[in-house]
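Examining the three-dimensional arrangement
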Amino acid sequence: MERSQIQSLIKQCAGGLFDLACAVSGRVNWDLSLPVGVIDARRSTPKLMVTAVGTINSMVRASATIGHPLMRRFFERMEAVGVEQALKESNDGADADAFSEVWQAYKEERRQGDAPMWSMEDATDFVMKSREAHSDREVACVAILPGDPHAIVTFSVPIAFLTQG
């Protein structure tokens with residue numbers, strides 16, 4: 001399903017991706033100012049936004065807490081048993097004190113504005129993937145897919161594919 005969603009997004013954002021591919025193809029060397037695409041597909045019409053890879057977190061807010069192993073375990077349990085039961089298990093488990101600290105930091109992040117969309121580790125991985133994509137003559141992209149919670153998918157598309165007539 002994810003692959004067909006990405007293909008559909010590429011088709012729907014073809015004009016903007018063409019322009020992005022042209023901008024990326026003109027860059028000989030990778031650096032943090034390399035343009036990348038962010039496709040927000042949470043609405044009926046996806047929207048392509050372009051940002052420098054070094055400022056990706058200005059478009060896709062990163063969290064210092066959601067990548068923590070205790071939070072990852074909580075989210076996995078939440079999917080299986082629901083929020084309240086997962087929270088009860090985490091607060092009653094062997095790592096309850098550590099979880100409580102991370103949980104409070106997570107809630108503070110949420111209070112500070114828009115909800116974080118991915119972890120700092122995910123953002124760092126994307127930056128590294130953008131470097132690889134550039135050396136492979138591809139454009140690096142992030143897609144924010146609809147859902148509750150939303151899904152974040154990273155991918156790259158060959159420049160030659162995006163610029164073919």
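Just above, that's the structure.
Remember, it's a predicted structure, so these values are computed and weren't measured experimentally.

1. Let's talk about the packing of helix 3 (residues 69-81) against helix 5 (residues 96-111)
At a closest axis distance of 9 Å, the pairing of helix 3 and helix 5 adopts a crossing angle of 80°. The orientation of helix 3 with respect to helix 5, classified from their angle, is roughly perpendicular. For the pair helix 3 and helix 5, the contacting residues are L70, M71, F74 and F75 in the first and A98, F99, V102, W103 and Y106 in the second. Residues of the contact of helix 3 with helix 5, tallied by class, amount to nine nonpolar, no polar and no charged.

2. Comments concerning the environment of M120
With respect to the secondary-structure elements, M120 resides in helix 6 (residues 120-135). Each C-alpha atom of the pair M120 and N57 lies 8.8 Å from the other, and the pair is 63 residues apart in sequence. The residues contacting M120, other than those within four sequence positions of it, are N57, A62, S63 and A64.

3. A short note on the environment of A160
Relative to the elements of secondary structure, A160 occurs in helix 7 (residues 159-163). In sequence terms A160 and F18 are 142 residues apart; their C-alpha atoms lie 9.7 Å from each other.

Cut-offs applied
- Residues numbered from 1 in each chain as written.
- Predicted model: local features only at pLDDT ≥ 70, side-chain atom pairs only at ≥ 80, totals over all residues.
- Heavy atoms only, no water.
- Axes fitted to C-alpha atoms, helices over the stretch in contact; angles between N-to-C directions.
- Helix = DSSP H or I, 4+ residues; strand = E, 2+ residues; numbered from the N terminus.
- Parallel < 35°, antiparallel > 145°, perpendicular 65-115°, else oblique.
- Contact = heavy atoms within 4.5 Å.
- Nonpolar A, V, L, I, M, F, W, Y, C, P; charged D, E, K, R; others polar.

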